[in-house]
Amino acid sequence: MKFFLRFLSLILLMPFTLKAYWQQHVATTIKVRLDDRAHVLRAFEELVYTNNSPDTLQKLIFHIWPNAYKDDKSEFCKQQVLNRKKSFYFSKPQDKGFIDSLQFVIDGELHDYDFYKDHQDIIEIPLLKPLAPGQKISISTPFRVKLPKVFSRLGHTNEAYFISQWFPKPAVYDAQGWHPIPYLDQGEFYSEFGSYDVEITLHKNYVLLATGDCMTAAEQAFMDSLAQVPIAVDSLLNNDMPVSSNNYKTVRFFQDNVHDFAWFADKRYILRKDSVILDKTEQKVYTYTAFLPKSYKYWKNAHAALRATLQYYGAHVGAYPYTTLKAVEGDMHAGGGMEYPTITVIDKGANSDLARVLIHEAGHNWFYGILGTNERRNPWMDEGFNSVYENKTHQFYQDSLKKNYTYVPGMDKIVCLQQQATGIDQCVLLKADSFTMNNYLGDVYVKTPMLLAYLEQYLGADTFKYAMQQYYDTWKFKHPQPNDFRAIIEQSSSKNTDWFFDTLLHSHQAIDFKITHVGKVKDSLVLHLKNKSQLSLPAVVSLNKSQGETKTYYFGNFKGKMQVTVPYDTSIKSIILEPKALDFTADNNQYFMDQTGQNAFQIGLGFGLNTHNRNKSWLAPALGYNYYDGFGLGLLYHNLSIPQKRFQWAVSPLYGFKSKHVNFVGATAYAWYPKTVFQKIETQLNYKSFSMLKNNLNIPKMLYAQYFKLSPQIQFLFKEKDPHSKVQNSIQLKYYHIGEEAFKFKQNLAIDSLFRPELYKTTQHYWSLDFSHKNLRTFHPFQYNAQIIANTAFTKLSADASIRIDYDVPKKSLYLRAFAAQYWTLNTSKVDSRTFLNGTYQGENDYLYDGTYIARNENTGLGARQISMQDAAMKIPTLMYINPLGRSDNRMLAINVKTDLPLINWPIRFFADFMTFTDAKKLNPSGTGYLFDAGLQLDLFSNMLSIYFPFIMSQDYKDYQKSMYPKANLLNQISFSINLQKFNFLNTPQVLYNNIIQ
């Protein structure tokens, strides 16, 4: 009865939902010839355009997407640069591509065209005769495509060809008007349905696969014969490109009810063929795979993945309407693969997870191949829907292989959860190019299927399946909009889904459910639930029992707190508050009945992923070294993970084998993500202690002095209006409580007259206020900072600005830095000269103990050559002077320059520094008013270690070198920096995450 009522409602509503619907139709014929020496396509296109709209068209808009590769002015290039992809920007002219030789003839009349709104890959053709509703026009044009190297989807790698988005193609005209969209790397397509009849002429020994059915009998026989050729082991090692045949072939492909046509050709392909009989229609679908010999071990099970896709999507969405399904290996620099009607290309880099990528890309034949949504405007209805069935089909595929498969969260899910955890994810309803690159992956591909899984859980699996089948049957070969999907869901279920369509989809708030308490009352469990988001959402509670049975209960929408009651029996082992998969703090969603409690800790080793259902912390070995403590060995105990927690902590005791001291490093932080004025507010408390001095004057054992630092801080990171913005503005207020041990020397005349060292402790207090502006744009990034540091003895105001000026050559830049500061003495008797401004900044100047130095207070030896890029950032230490060169308690100005060297790819740069300060002429022995140095800089370990070789310097520096080091020694000429000054290991999750996704 329920099914009958649903069916009746669809029949009654269908005339109203479809009455006003219309879409255009395009029948396309192309003849194309491949020149594999010049990497050029020469073609002629004819198409019949049918105006099914109620409007009279005055113009046509065409996409000519190969022009996206013409130069750096295209939207494609701009987006690549925004996403820090530089390969196309720096590509050689001969490696770029374009389309030309266009000459549009419409119904026998030549038509001019203009570029559409300065887009070089979109053109507008004013019609000489308006196109009335119901009329057709015939359009033809020759065209030539210079194929680029593969930078995205279209292109070639030597004589391997990946031909997509390659011909002049009408933009969609629908009820919202024209949809002209420039080609983008991040963001896909929207095209009219119709038919494609394409003839491809190329050298005879190419293996060619394309959209649709092969209509050339000789080529079909050739493909069938290739599919039967045994694969010799020695051939798997031969991936050399064969010489092109002297003979040519012309192959015709045809397909109706598709929105695009793509083809792929390589002379090295191994071809395999199989077939699948579809369950409902009993139609036979032929599956083809083409791959390089070296990839055979990955592709040998590819047909099983394609078969699983046809079976699962067919059973749960709708029957596959075409007779072929193909997958080829190729170069794809816009993701792991790319779908086209009846054919998909899989990048070589996806081999490690080939089955999942094959399922995903083949599944796109349903979403957006058959259900032709606007991928650019509504990517969630394309990638999101498809990912739902990718996940289900992959499990079905693993089961078909009889593998004991356990899903392990992939990097895509980690991206989604990390973006949510740090408050920078976005609403799934945005346009493709409105997402940041990470959110396009995390929100569209991962969060959307999680939200749909939540909807499925709410509706019930059978209802959801029924709704998706109705959606497919109603909208196949059409252009459904979001409201069309919503209408099908609402027609398929009596449950209210406003919470999903009006609230959840429109929000970018992270879902965070929590079980706060579980109590037992007679034969029931009372569950205290909390919804920590501001969204009113349904609660789904699952009781996991010892026999493997799961009982699920649904409770109405709520936000804040709610108590619910469920039946109790002794077989219940755990309680889960769903949706656990979507909740970025999964450790508080589960309650265990065996007294371990929902907050029981588990300890792991190393560093972990925070996708566990219990609180987890980690232990890792810790190793350190400095001149005073020697090597230190200890443990790092922490809760740092990806996605990161709002409350983070880490502590590491280190035993120094030389000093016999137990040193400590520790930090804890809590972050808020208000998403108003501030993107993030974080409080932090840092602690560390190490040895920093030693003395054994007249005593048998070395005596070591330590420092102790306790530093609370609060930082405000301002929110930018544009999520793509590379700007970061922040303010930080910090307090320093620093204890320092030092030596005083005393006599004990009862024993002898010798002086012996004893330790005494002093305490210092400082405040600092910092403002930082960073613009981390891809080219020419810059930043400037201002800082006030003060205590009762002094106040210091400083500012520095730096910019990287990129040359028009990859990885070659000029780096400029300027520094200015003013120092005021407030109490002469209390002021410490270490707080003065310094030309060369070293360990003894680091009175705030923010830096990492291997020999903090030494003035001789290798450790004394360590410097930091602070204050004037000069490169020559002069610590053996009582008053080192370049020290000032007044004003200081400095300029620092370094540049990559042309023509060589070694990590060597040229540097030069210049500084001046108040009373420089009086303080410099030579009487000059400035200091300078210059030389070569060697950067190692991703610039973590820099070594400086100054060979040009001021006379004062030369005199210092001569007086202190009479004999020439290379060691005395160099200095080095260890660039860990701003390292904070509470930032480890974000740093690791950034390195993983880049």
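Residues numbered from 1 in each chain as written. Predicted model: local features only at pLDDT ≥ 70, side-chain atom pairs only at ≥ 80, totals over all residues. Heavy atoms only, no water.

1. A look at the overall build of the protein chain
In terms of regular secondary structure, the protein chain is built from 17 helices and 50 strands. Across the 998 residues that make up the protein chain, the buried fraction comes to 54%. Taking all contacts inside the protein chain whose residues are at least 6 apart in sequence as the whole, residues at least 24 apart take part in 66%. Split by element, the accessible area of the protein chain, about 43900 Å² in all, is 57% carbon and sulfur. Side chains of the protein chain give 106 positive and 91 negative charges; the mean places of these two sets differ by 6 Å. (Helix = DSSP H or I, 4+ residues; strand = E, 2+ residues; numbered from the N terminus. Buried < 20%, exposed > 50% of the residue type's maximum accessible area, 1.4 Å probe, protein only. Contact = heavy atoms within 4.5 Å. Areas by Shrake-Rupley, 256 points an atom, 1.4 Å probe, with all protein chains shown as cover. Lys, Arg positive; Asp, Glu negative; His and termini not counted. Charge placed at Lys NZ, Arg CZ, Asp CG, Glu CD.)

2. What to know about the pattern of salt bridges
Pairing is possible between side chains that carry opposite charge, provided their charged atoms lie close to one another. In this structure the tally under the stated criterion is 37 salt bridges. Taking the shortest distance from any N to any O, the salt bridge between aspartate 185 and lysine 85 comes out at 2.8 Å. Of this pair, aspartate 185 sits in the loop between strand E14 (177-179) and strand E15 (194-203) while lysine 85 sits in the loop between helix H2 (75-82) and strand E4 (98-100), and the two are 100 residues apart along the sequence. What makes lysine 85 partly exposed here is its relative accessible area of 28%. One salt bridge in this structure joins aspartate 846 and arginine 856, with 2.9 Å as the shortest N-O distance. With aspartate 846 in the loop between strand E45 (813-825) and strand E46 (891-900) and arginine 856 in the loop between E45 and E46, this residue pair connects regions lying 10 residues apart in the sequence. Comparing aspartate 846 with arginine 856 shows no difference in burial state: the two are buried. Taken together, the salt bridges that share partners define one network made up of Arg486, Glu490, Asp498 and Asp502. (Salt bridge = Lys/Arg side-chain N within 4 Å of Asp/Glu carboxyl O.)

3. Topic: the sheet that holds strand E27 (residues 537-545)
Reading across the sheet, the four strands line up as E28-E27-E30-E31 and stay open at both edges, with antiparallel pairing between neighbours. Both edges of this open sheet fall to strand E28 (550-558) and strand E31 (590-592), since each of them pairs with a single strand only. Neighbour-to-neighbour, the strand axes of this sheet turn through a mean angle of 15°, independent of strand direction. Contacting E27, E28 and strand E30 (572-578), helix H10 (residues 437-459) crosses the sheet at an angle of about 75° to E27. (Pairing = 2+ DSSP bridges. Axes fitted to C-alpha atoms, helices over the stretch in contact; angles between N-to-C directions.)

4. So, the packing of aromatic side chains
Per the counting criterion, the structure on display carries 71 aromatic pairs. Taking 5.2 Å as the distance between ring centres and 55° as the angle between the ring planes, the aromatic pair formed by phenylalanine 62 and phenylalanine 104 counts as tilted. Placement of the pair is phenylalanine 62 in strand E3 (residues 57-63) and phenylalanine 104 in strand E5 (residues 104-106), with a sequence separation of 42 residues. Ring centres of tyrosine 766 and phenylalanine 794 lie 6.2 Å apart, and the angle between their planes is 55°; this geometry places the pair in the tilted category. Taken as a pair, tyrosine 766 in strand E42 (residues 755-775) and phenylalanine 794 in strand E44 (residues 794-806) lie far apart in primary sequence, 28 residues in all. Positioned above the aromatic ring of tyrosine 248 is the side chain of arginine 33, whose terminal nitrogen or guanidinium carbon lies 4.3 Å from the ring centre. For the cation-ring pair, lysine 495 lies above tyrosine 554, with the distance from its terminal atom to the ring centre recorded as 5.3 Å. (Phe/Tyr/Trp six-rings, centres within 6.5 Å; stacked < 30°, edge-to-face > 60°. Lys NZ or Arg CZ within 6 Å of the ring centre and 35° of its normal.)

5. Some remarks on the nonpolar core
Tyr49, Leu60, Trp166, Phe261, Trp263, Phe485 and Leu529 are the most contacted members of the largest nonpolar core, which totals 173 residues. Apart from the residues lying within four places of it in its own chain, the contact partners of leucine 529 are Lys514, Ile515, Thr516, Ala539, Val541, Phe558, Gly560, Lys561, Met562, Val564 and Leu577. Judged by nonpolar contacts, the second largest core, of 40 residues, contains Ile738, Ala821, Ile876 and Met915. (Core = buried A, V, L, I, M, F, W, Y, C linked by side-chain atoms within 4.5 Å.)

6. Notes on H10
Think of an α-helix as 3.6 residues a turn; residues three or four steps apart then line up on the same face. Helix length check: H10, at 23 residues, gives a terminal C-alpha distance of 32 Å against a target of 33 Å (1.5 Å per residue), a fit within 8%. Along H10, the helix axis deviates most sharply at lysine 447, where the bend reaches about 35°; the proline proline 449 sits within four residues downstream. Immediately beyond the C-terminal end of H10, within one or two residues, lies glycine 460, with a positive phi of roughly 100°. (Expected span 1.5 Å × (residues − 1). Bend = angle between axes of the 7 residues up to and from the residue.)

7. With respect to the sheet that holds strand E7 (residues 114-116)
As summarised here, the arrangement of the four strands in space is E7-E8-E3-E12, forming an open sheet in which the pairing is antiparallel. The sheet terminates laterally at E7 and strand E12 (169-170), the two strands that pair on one side only. Pairing geometry for E3 and strand E8 (residues 119-131), over six bridges, is antiparallel. Opposite histidine 63, over in E8, you have isoleucine 122 as the bridge partner.

8. Describing unusual backbone geometry
The amide bond that connects phenylalanine 367 to the next residue, tyrosine 368, takes the cis arrangement and shows omega of 25°. One can find tyrosine 368 in helix H7 (residues 365-370). Here the bond from isoleucine 642 into proline 643 is cis, since omega is -5°, no more than 30 degrees from zero. Inspection of the secondary structure puts proline 643 in the loop between strand E36 (641-642) and strand E37 (647-656). Even without being a glycine, histidine 39 presents a positive backbone phi close to 55°. Secondary-structure assignment places histidine 39 in the loop between strand E1 (25-35) and strand E2 (40-50). For histidine 39, a relative accessible area of 17% gives the class buried. Located in the positive-phi region is threonine 342, a residue other than glycine, with phi close to 65°. By the element assignment, threonine 342 lies in the loop between strand E23 (337-340) and strand E24 (343-347). By relative accessible area, which is 0% here, threonine 342 ends up buried.

9. Some details on the packing of helix H11 (residues 461-475) against helix H12 (residues 482-492)
Two numbers describe a pair of packed helices, the interaxial angle and the distance between the axes. One can describe the packing of H11 onto H12 by two numbers: an axis separation of 9 Å at closest approach and a directional angle of 135°. With respect to their mutual orientation, H11 and H12 come out oblique. For the element pair H11 and H12, the recorded crossing hand is right-handed. Side by side, H11 and H12 meet where Thr463, Tyr466, Ala467, Met468, Gln470, Tyr471, Thr474 and Trp475 of the first sit next to Asp484, Phe485, Ile488, Ile489 and Ser492 of the second. Broken down by class, the residue content of the contact of H11 with H12 amounts to eight nonpolar, four polar and one charged. (Parallel < 35°, antiparallel > 145°, perpendicular 65-115°, else oblique. Left-handed = near helix turned anticlockwise from the far one by under 90°. Nonpolar A, V, L, I, M, F, W, Y, C, P; charged D, E, K, R; others polar.)

10. Details of the environment of isoleucine 738
Its location among the elements puts isoleucine 738 in strand E41 (residues 727-747). Sequence-distant contacts of isoleucine 738, that is, excluding residues within four places in its chain, are made with Phe708, Lys709, Thr762, Thr763, Gln764, Tyr766, Tyr847, Leu848 and Tyr849.

11. What to know about helix H15 (residues 955-964)
Within H15, burial applies to Asp956, Tyr957, Tyr960 and Gln961. For H15, the buried positions fall inside an angular range of 140° around the axis, keeping them on one side. Check the buried side of H15 and you find it contacts strand E48 (931-940), strand E49 (945-953) and helix H16 (970-973). (Arc of directions from axis to C-beta.)

12. Digging into the environment of phenylalanine 911
By secondary structure assignment, the location of phenylalanine 911 is in strand E47 (residues 908-917). Through-space distance from the C-alpha of phenylalanine 911 to that of lysine 898 is 4.0 Å; in sequence the pair is 13 residues apart. Ignoring anything within four residues of it in the chain, the contact list for phenylalanine 911 reads Lys875, Val897, Lys898, Asp933, Ala934, Gly935, Leu936, Gln937, Tyr948, Phe949 and Pro950.

13. Notes on the environment of glutamine 228
Examined against the element boundaries, glutamine 228 turns out to sit in helix H3 (residues 217-228). Its relative accessible area of 64% is what places glutamine 228 among the exposed residues. As for glutamine 228 and leucine 271, which are separated by 43 residues in sequence, their C-alpha atoms are 8.5 Å apart.

14. What to know about a nonpolar patch on the surface
A surface patch of nonpolar side chains, amounting to about 1100 Å² of accessible area, comprises Leu623, Tyr625, Phe631, Leu633, Val651, Tyr655, Phe657, Val662, Phe664, Leu685, Tyr687 and Leu710. Elements that contribute at least two residues to the nonpolar patch include exactly strand E34 (615-626), strand E35 (630-638), E37, strand E38 (662-672) and strand E39 (678-695). (Patch = residues over 30% accessible without salt bridge, like charges linked within 9 Å, V, L, I, M, F, W, Y side chains within 5 Å.)

15. Concerning the confidence of the model for the protein chain
Close inspection of predicted coordinates is inappropriate in any region flagged by low pLDDT. Averaged over all residues, the pLDDT of the protein chain equals 91, while 94% of them reach at least 70. Considering only residues more than four positions removed or in separate chains, one finds that residues 1-18, a stretch of pLDDT under 50, has 16 contacts. (pLDDT = per-residue confidence, 0-100.)

16. Some words on the state of the cysteines
The full count for this structure, using the stated rule, is zero disulfides. Of all cysteine sulfurs, the one in cysteine 416 lies closest to cysteine 427, which takes part in no disulfide; the gap is 13 Å. Using a relative accessible area of 11% as the deciding quantity, one classes cysteine 427 as buried. (Disulfide = S-S within 2.5 Å.)

17. Concerning the packing of helix H8 (residues 383-400) against H10
In the contact formed by H8 and H10, the axes pass within 8 Å of each other and the chain directions differ by 70°. The orientation of H8 relative to H10 falls into the category roughly perpendicular. Of the residues in H10, those touching H8 at Glu383, Gly384, Phe385, Ser387, Val388, Asn391 and Lys392 are Val444, Tyr445, Thr448, Pro449, Leu452 and Glu456. A per-class count over the contact of H8 with H10 returns six nonpolar, four polar and three charged.

18. Description of the side chain of histidine 724
Mapped onto the elements of the fold, histidine 724 is located in the loop between strand E40 (703-718) and E41. In this structure histidine 724 comes out as buried when scored by relative accessible area, which is 15%. The residues touching histidine 724, leaving out its near neighbours within four places in the chain, are Leu82, Asp433, Ser434, Phe435 and Thr436.

19. Thoughts on the pairing of E30
Of all the seven residues making up E30, six are buried; the element is thus mostly covered by neighbouring parts of the structure. Here E30 pairs with E31 via three bridges, running antiparallel. Across the sheet, the residue bridging to serine 574 is phenylalanine 592, located in E31.

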